[in-house]
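# Observations on the model geometry
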Amino acid sequence: MSPRQDWRLFLPGPVRELPADLAVVVAGVALTLVATLTPGLAGTPLRVVVGLPFVLFIPGYALIAALFPERGPPIDADEGHDRIEGIDGIERVALSFGTSIAVVPLLGLVLNFTPWGIRLAPILVVVSGFTLVATAFAASRRSALPEDERLVVPYQRWFAAARDELFEPASRTDAMLNVVLVVSVVLATASVGYAVAVPKDGESFTELYLLTEDGNDELTADNYPEELVRGESASLVLGVGNREHRTVNYTVVAVLQRVEVSNNSTTVLESERLRTFTPRLEHNETWHEPHEVRPTMTGERLRLTYLLYEGAPPASPTVDNAYREVHLWVTVRES
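Residues numbered from 1 in each chain as written. Predicted model: local features only at pLDDT ≥ 70, side-chain atom pairs only at ≥ 80, totals over all residues. Heavy atoms only, no water.

### So, the overall build of the protein
Helix and strand counts for the protein come out as nine helices and 10 strands. For the protein, with 335 residues in total, the buried portion stands at 30%. Within the protein, contacts between residues separated by at least 24 positions form 69% of all contacts whose residues are at least 6 apart in sequence. (Helix = DSSP H or I, 4+ residues; strand = E, 2+ residues; numbered from the N terminus. Buried < 20%, exposed > 50% of the residue type's maximum accessible area, 1.4 Å probe, protein only. Contact = heavy atoms within 4.5 Å.)

In structure tokens form, the structure reads like this:
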């Protein structure tokens, strides 16, 4: 028994009986699921490397294989060739890309009208399921054809031709061109790999916002309190999002201020410090903190302000020395 047959015995029976190109499709789906759902691999460049073919090529190839299981006409066939029912390799590849670009958004559109919505796990399940079902149909239709009419991807012939061209060139000029081609491919692959592995940092910023909870315990940017009672609490949710491309220790100071606005200038007449928060966030981490504010200062049009700082705040936190600020205008009355 040959070594090639030996390693195939370790594969499941249905996969072992698949044609080589359809087995590669199944392996691509499996590799994408592993790279996307494994916690240690989810944030690595491998997710991008396997995800792009999974979205742009594999579903379309499986569908085209199901629609056209026949062997295509030879490259050198004339117009009167008997076997013209199938499509050639270039057409198959082009249709695979085009069909994937059409099918995947349609699957996402269908998901959008379901309770699961457009999220990572549902998209993986739907696209993987579609691809595997199409692969099963392709294998069934191909096996029903006579052996001389079935599509066969000539991997061995391609590898043999590439080996002969690289290592047994016909002339010294061909050898030099082969070296240039290999170096170009290596440099292009290295450039793409570096761009994927070390992406350029985008804009650095921090999000600061206030939310409230509706009757269904859902967060919403609406129904903010406008009138408060002295000594009684009001509920808010403070949100901070770290987009600084590094870990940051934040401090958020909540103050209630009596201000005077004159000639486009705001002057703080009185300030009451209410709460202090100290979240530590990794890059791309978002923090929500439900909390209560209980003012003792009374008056109309008071400014409930949240001042955000990187690290420790100054002795006198103000809007001018804060990194970010968000505020609400409220009225606090006596009970």
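Moving on from the coordinates now.
### Considerations on the environment of Phe97
Its location among the elements puts Phe97 in helix 6 (residues 89-112). Residue classification places Phe97 among the partly exposed positions, given a relative accessible area of 39%. Separated by 36 residues in sequence, Phe97 and Tyr61 have C-alpha atoms that sit 7.5 Å apart. In contact with Phe97, other than residues within four places in its own chain, are Leu56 and Phe57.

### Some remarks on the sheet that holds strand 4 (residues 234-243)
Where strands meet in a sheet, backbone hydrogen bonds hold them as pairs that are either parallel or antiparallel. Taken in spatial order, the four strands of this open sheet run 2-1-4-8, and their pairing is antiparallel. Only two strands of the sheet have a single neighbouring strand rather than two, namely strand 2 (219-220) and strand 8 (286-293). (Pairing = 2+ DSSP bridges.)

### Remarks on the pairing of strand 1 (residues 205-213)
Sheet analysis places strand 1 next to strand 4, joined by seven bridges and oriented antiparallel. Along strand 4, the bridge assignment pairs Leu208 with Val240. Two elements, strand 1 and strand 2, share two bridges in a ladder whose sense is antiparallel. Across the sheet, Thr212 pairs through a bridge with Thr220, a residue of strand 2.

### Quick look at a nonpolar patch on the surface
Together, Val48, Leu52, Val55, Leu56, Val93, Phe97 and Ile101 give the surface a local cluster of nonpolar side chains, amounting to about 570 Å² of exposed area. Within the residue set of the nonpolar patch, elements represented by two or more residues are helix 4 (45-56) and helix 6. For the nonpolar patch, the leading source of residues is helix 4, giving four residues. Here Ile101 is to be found in helix 6. With relative accessibility at 53%, the residue Ile101 sits in the exposed group. (Patch = residues over 30% accessible without salt bridge, like charges linked within 9 Å, V, L, I, M, F, W, Y side chains within 5 Å. Areas by Shrake-Rupley, 256 points an atom, 1.4 Å probe, with all protein chains shown as cover. Salt bridge = Lys/Arg side-chain N within 4 Å of Asp/Glu carboxyl O.)

### Points about the nonpolar core
If you look at the biggest cluster of nonpolar residues, it comprises 25 residues, and the most contacted ones within it are Leu238, Val240, Val252, Leu256, Leu304, Tyr306 and Val330. Contributions of two or more residues to this core are made by strand 1, strand 4, strand 5 (248-262), strand 8, strand 9 (299-310) and strand 10 (324-333). The contact partners of Leu238, leaving out residues within four places of it in the chain, are Leu208, Tyr209, Leu210, Val252, Phe277, Trp287, His288, Glu289, His291 and Tyr306. Ala62, Leu124, Ala138 and Val153 belong to the second-largest nonpolar core, a separate cluster that totals 19 residues. (Core = buried A, V, L, I, M, F, W, Y, C linked by side-chain atoms within 4.5 Å.)

### A few points about the pattern of salt bridges
Using the criterion set out here, one finds seven salt bridges in the structure. A salt bridge links Glu300 to Arg333, with the shortest nitrogen-to-oxygen separation between them at 3.9 Å. On the criterion of sequence distance, the pair formed by Glu300 in strand 9 and Arg333 in strand 10 is long-range, its members being 33 residues apart. Given a relative accessible area of 61%, Glu300 falls into the exposed group.

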